[in-house]
Amino acid sequence: GSTNQVLEAIGQGLERELIVPLVGMDFPGTGIRPGSRAALAHGLACEQNLADTDSLSSAALASMRGRNYRRPFTEYISRELAVRSASPGQIHQALAQLNIRFWVSCAYDRFLVDALQASPIITGADTAYLSDGGKRAQVVCLLGLVDRPASLRVIPEDYARLREDPRDRELLLGYLKR
(Lines give C-alpha, C1' and ligand atoms only; values in the text may rest on other atoms or scores of the structure.)
Protein backbone atom coordinates (compact mmCIF):
# COMPACT_ATOMS: atom_id res chain seq x y z
CA GLY A 1 0.00 0.00 0.00
CA SER A 2 0.88 3.66 -0.03
CA THR A 3 2.84 5.32 2.75
CA ASN A 4 -0.36 6.82 4.15
CA GLN A 5 -2.06 3.42 4.21
CA VAL A 6 0.90 1.88 6.02
CA LEU A 7 0.98 4.72 8.56
CA GLU A 8 -2.77 4.43 9.09
CA ALA A 9 -2.46 0.66 9.64
CA ILE A 10 0.35 1.23 12.14
CA GLY A 11 -1.73 3.84 13.96
CA GLN A 12 -4.68 1.44 14.19
CA GLY A 13 -2.42 -1.35 15.43
CA LEU A 14 -1.03 0.90 18.13
CA GLU A 15 -4.51 2.05 19.20
CA ARG A 16 -5.72 -1.54 19.53
CA GLU A 17 -2.42 -2.50 21.24
CA LEU A 18 -1.66 -5.05 18.52
CA ILE A 19 1.70 -3.40 17.89
CA VAL A 20 4.27 -2.62 20.56
CA PRO A 21 6.82 0.10 19.80
CA LEU A 22 10.44 -1.03 20.12
CA VAL A 23 12.84 1.80 20.91
CA GLY A 24 16.62 1.59 20.53
CA MET A 25 19.48 3.73 21.73
CA ASP A 26 20.33 5.66 18.58
CA PHE A 27 17.86 8.55 18.69
CA PRO A 28 19.02 11.93 17.42
CA GLY A 29 19.48 14.61 20.04
CA THR A 30 20.44 12.19 22.80
CA GLY A 31 24.19 12.54 22.40
CA ILE A 32 24.27 8.90 21.39
CA ARG A 33 25.40 8.47 17.83
CA PRO A 34 24.30 5.82 15.33
CA GLY A 35 26.06 2.52 15.88
CA SER A 36 26.35 3.39 19.54
CA ARG A 37 26.89 -0.20 20.70
CA ALA A 38 29.94 -0.28 18.41
CA ALA A 39 31.00 3.19 19.62
CA LEU A 40 30.68 2.03 23.23
CA ALA A 41 32.72 -1.09 22.38
CA HIS A 42 35.51 0.99 20.79
CA GLY A 43 35.59 3.40 23.74
CA LEU A 44 35.65 0.62 26.33
CA ALA A 45 38.43 -1.20 24.47
CA CYS A 46 40.48 2.00 24.27
CA GLU A 47 39.96 2.90 27.94
CA GLN A 48 40.83 -0.59 29.13
CA ASN A 49 43.77 -1.03 26.68
CA LEU A 50 42.04 -3.95 24.95
CA ALA A 51 42.03 -5.07 21.34
CA ASP A 52 39.64 -2.87 19.35
CA THR A 53 36.27 -4.41 18.52
CA ASP A 54 32.82 -3.47 17.23
CA SER A 55 31.21 -5.89 19.68
CA LEU A 56 30.17 -4.45 23.04
CA SER A 57 29.82 -7.99 24.36
CA SER A 58 33.40 -8.85 23.33
CA ALA A 59 34.79 -5.65 24.84
CA ALA A 60 32.86 -6.25 28.08
CA LEU A 61 34.11 -9.83 28.31
CA ALA A 62 37.69 -8.73 27.68
CA SER A 63 37.39 -6.01 30.35
CA MET A 64 36.47 -8.70 32.87
CA ARG A 65 39.85 -10.33 32.18
CA GLY A 66 38.59 -13.82 32.97
CA ARG A 67 36.95 -12.79 36.25
CA ASN A 68 33.29 -12.29 37.02
CA TYR A 69 33.94 -8.58 37.57
CA ARG A 70 31.49 -6.32 35.73
CA ARG A 71 32.49 -2.98 37.20
CA PRO A 72 34.80 -1.72 34.41
CA PHE A 73 32.18 -1.99 31.68
CA THR A 74 29.16 -0.99 33.77
CA GLU A 75 30.96 2.14 34.99
CA TYR A 76 32.10 2.92 31.47
CA ILE A 77 28.58 2.59 30.05
CA SER A 78 27.17 4.75 32.87
CA ARG A 79 29.75 7.46 32.30
CA GLU A 80 29.39 7.44 28.53
CA LEU A 81 25.63 7.68 28.58
CA ALA A 82 25.77 10.36 31.30
CA VAL A 83 22.57 8.93 32.73
CA ARG A 84 22.85 10.59 36.11
CA SER A 85 22.91 14.11 34.68
CA ALA A 86 21.06 13.74 31.38
CA SER A 87 17.38 14.19 30.79
CA PRO A 88 15.08 12.91 28.06
CA GLY A 89 15.51 14.63 24.72
CA GLN A 90 12.88 16.09 22.42
CA ILE A 91 12.35 12.76 20.68
CA HIS A 92 11.56 11.08 24.00
CA GLN A 93 9.19 13.89 24.98
CA ALA A 94 7.44 13.55 21.62
CA LEU A 95 7.09 9.78 22.08
CA ALA A 96 5.59 10.37 25.54
CA GLN A 97 2.83 12.43 23.89
CA LEU A 98 1.69 9.48 21.76
CA ASN A 99 -0.47 8.04 24.54
CA ILE A 100 0.94 4.54 24.16
CA ARG A 101 1.01 2.61 27.43
CA PHE A 102 3.35 -0.26 26.60
CA TRP A 103 6.86 0.02 25.17
CA VAL A 104 9.89 -2.22 24.70
CA SER A 105 13.30 -0.56 24.97
CA CYS A 106 16.67 -1.81 23.77
CA ALA A 107 18.52 1.13 25.31
CA TYR A 108 20.55 1.18 28.50
CA ASP A 109 19.48 4.69 29.45
CA ARG A 110 16.35 5.88 31.30
CA PHE A 111 15.35 8.55 28.78
CA LEU A 112 12.15 6.87 27.58
CA VAL A 113 11.24 5.62 31.07
CA ASP A 114 11.64 9.14 32.49
CA ALA A 115 9.82 10.90 29.63
CA LEU A 116 6.87 8.55 30.05
CA GLN A 117 7.06 8.63 33.87
CA ALA A 118 6.82 4.90 33.40
CA SER A 119 7.32 1.80 35.45
CA PRO A 120 10.50 0.11 34.17
CA ILE A 121 10.31 -3.67 33.87
CA ILE A 122 13.70 -5.34 33.72
CA THR A 123 13.00 -8.75 35.18
CA GLY A 124 9.93 -10.91 35.64
CA ALA A 125 10.02 -10.07 39.34
CA ASP A 126 9.44 -6.39 38.48
CA THR A 127 5.98 -7.27 37.17
CA ALA A 128 4.88 -8.08 40.74
CA TYR A 129 5.35 -4.42 41.73
CA LEU A 130 3.01 -2.96 39.13
CA SER A 131 0.14 -1.78 41.25
CA ASP A 132 -1.59 0.83 39.11
CA GLY A 133 -3.66 -1.59 37.05
CA GLY A 134 -1.77 -0.66 33.88
CA LYS A 135 -2.80 3.02 33.92
CA ARG A 136 0.78 4.32 33.75
CA ALA A 137 3.00 3.64 30.79
CA GLN A 138 5.26 0.65 31.17
CA VAL A 139 8.60 0.03 29.51
CA VAL A 140 10.17 -3.42 29.28
CA CYS A 141 13.90 -2.67 29.35
CA LEU A 142 15.33 -5.68 27.54
CA LEU A 143 18.95 -4.64 28.07
CA GLY A 144 18.52 -3.45 31.67
CA LEU A 145 19.05 0.06 32.95
CA VAL A 146 22.40 1.70 33.44
CA ASP A 147 21.41 3.09 36.85
CA ARG A 148 20.91 -0.53 37.96
CA PRO A 149 24.31 -1.95 36.87
CA ALA A 150 23.52 -5.52 37.91
CA SER A 151 20.61 -5.48 35.45
CA LEU A 152 22.70 -4.70 32.34
CA ARG A 153 22.54 -7.38 29.67
CA VAL A 154 25.75 -7.14 27.70
CA ILE A 155 27.54 -10.48 27.66
CA PRO A 156 26.10 -13.86 26.59
CA GLU A 157 25.80 -15.02 30.22
CA ASP A 158 23.44 -12.11 30.95
CA TYR A 159 21.03 -13.29 28.28
CA ALA A 160 21.44 -16.91 29.37
CA ARG A 161 20.50 -15.96 32.93
CA LEU A 162 17.25 -14.47 31.68
CA ARG A 163 16.48 -17.60 29.65
CA GLU A 164 17.52 -20.07 32.33
CA ASP A 165 15.85 -18.63 35.43
CA PRO A 166 12.43 -20.30 35.05
CA ARG A 167 10.56 -18.10 37.54
CA ASP A 168 11.89 -14.85 36.12
CA ARG A 169 11.40 -15.99 32.52
CA GLU A 170 7.83 -17.18 33.11
CA LEU A 171 6.83 -14.00 34.97
CA LEU A 172 8.22 -11.81 32.20
CA LEU A 173 6.73 -13.90 29.40
CA GLY A 174 3.37 -14.05 31.20
CA TYR A 175 3.40 -10.29 31.51
CA LEU A 176 4.33 -9.78 27.86
CA LYS A 177 1.58 -12.13 26.67
CA ARG A 178 -1.23 -10.40 28.52
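To keep things clear, this report deals only with the structure shown in the data block. (Residues numbered from 1 in each chain as written. Predicted model: local features only at pLDDT ≥ 70, side-chain atom pairs only at ≥ 80, totals over all residues. Heavy atoms only, no water.)

## Considerations on the overall build of the chain
Within the chain one finds eight helices and four strands. The linear arrangement of helices and strands in the chain, starting from the amino end, is α-β-α-α-α-α-β-α-β-β-α-α. The buried share of the chain, taken over its 178 residues, is 44%. Across the chain, every contact between residues at least 6 apart in sequence was considered, and the portion connecting residues at least 24 apart equals 58%. Just so you have it, the chain exposes about 10,200 Å², and 53% of that area is on carbon and sulfur atoms. (Helix = DSSP H or I, 4+ residues; strand = E, 2+ residues; numbered from the N terminus. Buried < 20%, exposed > 50% of the residue type's maximum accessible area, 1.4 Å probe, protein only. Contact = heavy atoms within 4.5 Å. Areas by Shrake-Rupley, 256 points an atom, 1.4 Å probe, with all protein chains shown as cover.)

## Details of the side chain of Ser57
In this structure, Ser57 sits in helix H3 (residues 56-64). Residue class for Ser57 comes out buried when judged on its relative accessible area of 15%. In this structure Ser57 touches Val154, Ile155 and Pro156, once residues within four positions along its chain are discounted.

## Describing the sheet that holds strand S3 (residues 119-121)
Pairing is parallel across the open sheet formed by four strands, whose spatial order is S1-S2-S4-S3. Two strands close off the open sheet at either side, each with one partner strand: strand S1 (22-23) and S3. In this structure, strand S2 (residues 102-105) lies alongside strand S4 (residues 138-141), joined through four bridges in parallel fashion. In the sheet register, Ser105 faces S4, and the bridge partner there is Cys141. The sheet strands contacting helix H8 (residues 166-177) are S2, S3 and S4, and the helix crosses S4 at an angle near 135 degrees. (Pairing = 2+ DSSP bridges. Axes fitted to C-alpha atoms, helices over the stretch in contact; angles between N-to-C directions.)

## Focus: the pattern of salt bridges
A complete count under the given rule lists six salt bridges for this structure. Of the charged contacts in the structure, one is a salt bridge between Glu75 and Arg71, with a shortest N-O distance of 2.6 Å. Of this pair, Glu75 and Arg71 are both found in helix H4 (residues 71-81), four residues apart, which corresponds to roughly one turn of the helix. Residue classification places Glu75 among the partly exposed residues on the basis of a relative accessible area of 37%. By relative accessible area, which is 47% here, Arg71 ends up partly exposed. (Salt bridge = Lys/Arg side-chain N within 4 Å of Asp/Glu carboxyl O.)

## Some thoughts on the side chain of Thr74
Within the element layout of this structure, Thr74 appears in helix H4. In this view, Thr74 contacts Pro149 and Leu152; residues no more than four positions away in its chain are not counted.

## Points about the environment of Val139
Summarising the element assignment, Val139 is placed in strand S4. Along the chain, Val139 and Ser119 lie 20 residues apart, while their C-alpha atoms are 6.3 Å from each other. Once you skip the residues sitting within four places of it in the chain, Val139 turns out to touch Trp103, Ser105, Leu112, Val113, Leu116, Ala118, Ser119, Pro120 and Ile121.

## Structural notes on the packing of helix H2 (residues 36-47) against H3
In a pair of packed helices, the angle between the axes and the distance between the axes together describe the arrangement. In contact at an axis separation of 8 Å, H2 and H3 are set at 25 degrees when each is read in the N-to-C sense. One element, H2, and the other, H3, form an angle in the roughly parallel class. The two elements H2 and H3 cross, and the hand of that crossing is left-handed. Contact with H2, carried on its side by Arg37, Leu40, Ala41 and Leu44, involves Leu56, Ala59, Ala60 and Ser63 of H3 and no other residues of that element. Looking at side-chain class alone, the contact of H2 with H3 contains six nonpolar, one polar and one charged residues. (Parallel < 35°, antiparallel > 145°, perpendicular 65-115°, else oblique. Left-handed = near helix turned anticlockwise from the far one by under 90°. Nonpolar A, V, L, I, M, F, W, Y, C, P; charged D, E, K, R; others polar.)

Purely geometric numbers; function is a separate question.
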